[in-house]
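Notes for the structure review
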Amino acid sequence: MAEVLIYETPGHAGRTVADHIAHSVDAKPQLVLGVATGSTPLPVYGALRDHVAVGIDFSQASAFALDEYVGLSPDDPRSSRAAVHREVTVPLGLSPERVHVPDGDPQHLETAGQRFEALIEAAHGVDIQLLGIGGTGHIAFNEPGSSFGSLTRVKTLTDRTRHDNARFFDALDEVPHQCITQGLGTILRARHLILMAFGPAKAQAVKAAVEGPVTSSVPASAIQLHPHVTVVLDEQAASALAYTDYYREAQSLKPVWQGL
Ligand code: F6R
């Protein structure tokens, strides 16, 4: 069973994850961090700025994004490339040449997946992978039916995901239909997965991912196959779970030195 940590608010949860990342980069300056975009990780990135302000140094760390829309120009503010630059690279002081985002240029798609996988391999893999979860149960943009062995490739977004993400665009028809995303197989190779979810809209997807059967119909259930997963939730995202008493007891007994 994955470790589940439940916090009162996304702010508390974000600070806990940020403390863990800060500690990790202090211990290993060349940390390879897997970063998600979207709303969920923002409390983590916000809290990491406080660590940078007191001297935690990310200048030797690398970052790999999970996914990119196909067809947005790299400087489009809605692209993952722009979001990672704005939320991670600049405020945390990473070197831009060590920050990688899959290439969503329609001219380069044929080789984009392989090139991205090669970059992860050259960095000796991802140490800590941050994940959000979509209403469809996706992680990165691995929509239901994605193979557990899949690597970085082009995927078509479901209508549900396009509707959910329309809030970042002016209109639904501006949301791209395709993306290039790390596969479930890529994600499972990271050494530590931290899946975060906040708010009531995520409660059912979290329940299916954490307590349901392992099935490609719920791509996030793939985390149950990984040896080191931490699921970090607020009360609302945890509200549909069956074993919350057990998770809370384990959380209260967890020794401080263990980190996440
Ligand atoms: C983004 C990503 C997606 C999001 C998910 C949840 O890089 O990988 O899987 O994590 O769609 O999005 P938010 O956090 O905006 O609710």
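Sequence order as written defines the numbering, with residues in each chain counted from 1. Note on the predicted model: pLDDT of at least 70 is required for a residue's local features to be given, and 80 or more for side-chain atom pairs to be given and counted; whole-chain, interface and lining totals, by contrast, use all residues. Note: side-chain values were computed over all heavy atoms of the structure, leaving out hydrogens and water.

Looking now at the packing of aromatic side chains. Side-chain rings of Phe, Tyr and Trp, where Trp is taken by its six-membered ring, are said to pair if the distance between their centres is within 6.5 Å; with planes under 30 degrees apart they count as stacked, over 60 as edge-to-face, and otherwise as tilted. Tallied over the entire structure, the rule returns four aromatic pairs. On the numbers, 5.7 Å between centres and 75 degrees between planes, the contact of Phe64 with Phe116 is edge-to-face. Taken together, the positions of Phe64 in strand E3 (residues 62–65) and Phe116 in helix H4 (residues 109–122) put the pair 52 residues apart, joining distant regions of the chain. Relative accessibility decides the category of a residue: with a 1.4 Å probe and only protein chains considered, values under 20% of the type maximum give buried, values over 50% give exposed, and everything between is partly exposed. What makes Phe64 buried here is its relative accessible area of 1%. Taking the relative accessible area as the measure of exposure, Phe116 reaches 2% and is therefore buried. Plain terms: the ring middles of Tyr246 and Tyr247 are 6.1 Å apart, the flat faces sit at 70 degrees to each other, and that makes the pair edge-to-face. Following the ring pairs from residue to residue traces out a cluster consisting of Tyr69, Phe141 and Phe169. Runs of E in the DSSP output that reach at least two residues are strands. Runs of H or I that reach at least four are helices, and both are numbered from the N terminus.

As a further point, take the side chain of Thr244. In this fold, Thr244 is placed in helix H8 (residues 244–253). What makes Thr244 buried here is its relative accessible area of 17%. For this analysis, residues touch if any pair of their heavy atoms sits within 4.5 Å. Thr244 has contacts with Ile6 and Ala238, leaving out every residue within four places of it along the chain.

So, on to the side chain of Ser24. Examined against the element boundaries, Ser24 turns out to sit in helix H1 (residues 10–27). For Ser24, a relative accessible area of 13% corresponds to the buried category. In contact with Ser24, not counting residues within four places along its chain, are Leu31 and Ile128.

What follows concerns the site of the ligand. If you check the shell around the ligand, you find 14 residues, and the closest are Thr40, His138, Ala140, Arg167 and Lys202. Measuring from an oxygen atom of the ligand, one finds a backbone N or O atom of Thr37 at 2.9 Å. A distance of 2.7 Å separates an oxygen atom of the ligand from a polar atom in the backbone of Ala140. For the ligand, whose accessible area on its own is 400 Å², the fraction buried by protein is 94%. Points on a 1 Å grid over protein atoms alone make up a cavity when a 1.4 Å probe fits among them but cannot get out, and a pocket when they form an open set with protein on both sides within 12 Å along at least five of seven lines; lining residues each have an atom within 4 Å of a point. Just a note on the criterion: a molecule sits in a pocket or cavity if more than half of its atoms are within 2 Å of the grid points. Put simply, the ligand lies in the largest pocket. In this classification, the charged set is Asp, Glu, Lys and Arg, the nonpolar set is Ala, Val, Leu, Ile, Met, Phe, Trp, Tyr, Cys and Pro, and all remaining amino acids, among them Gly, are polar. Here the shell around the ligand is built from residues that sort into four nonpolar, seven polar and three charged. Note on terminology: near, applied to a residue and a molecule or strand, indicates that one of the residue's heavy atoms is within 4 Å of it. Identification of polar contacts relies on pairs of N or O atoms within 3.5 Å, with a donor-acceptor requirement for protein atoms, meaning one able to donate a hydrogen and the other able to accept it, and with residues adjacent in sequence counted only if both atoms are side-chain atoms. Residue-level accessible areas treat just the shown protein chains as cover; the underlying method is Shrake-Rupley with a 1.4 Å probe.

Below, the discussion takes up the layout of surface pockets. The probe, sized like a water molecule, is rolled over the atoms to show the empty space still left. Grid points are joined across faces, edges and corners, and a volume is the space filled by probe spheres set on the points. Volume-wise, the largest pocket comes out at about 770 Å³. Contributing elements (two or more residues each) for the lining of the largest pocket: helix H2 (42–53), strand E4 (67–69), helix H3 (80–92) and helix H5 (159–165). Per element, the largest residue contribution to the lining of the largest pocket is five residues, and it comes from H3. Its residues assigned to classes, the lining of the largest pocket shows 18 nonpolar, 12 polar and eight charged.

No statement about biological role is implied by the geometric values presented.
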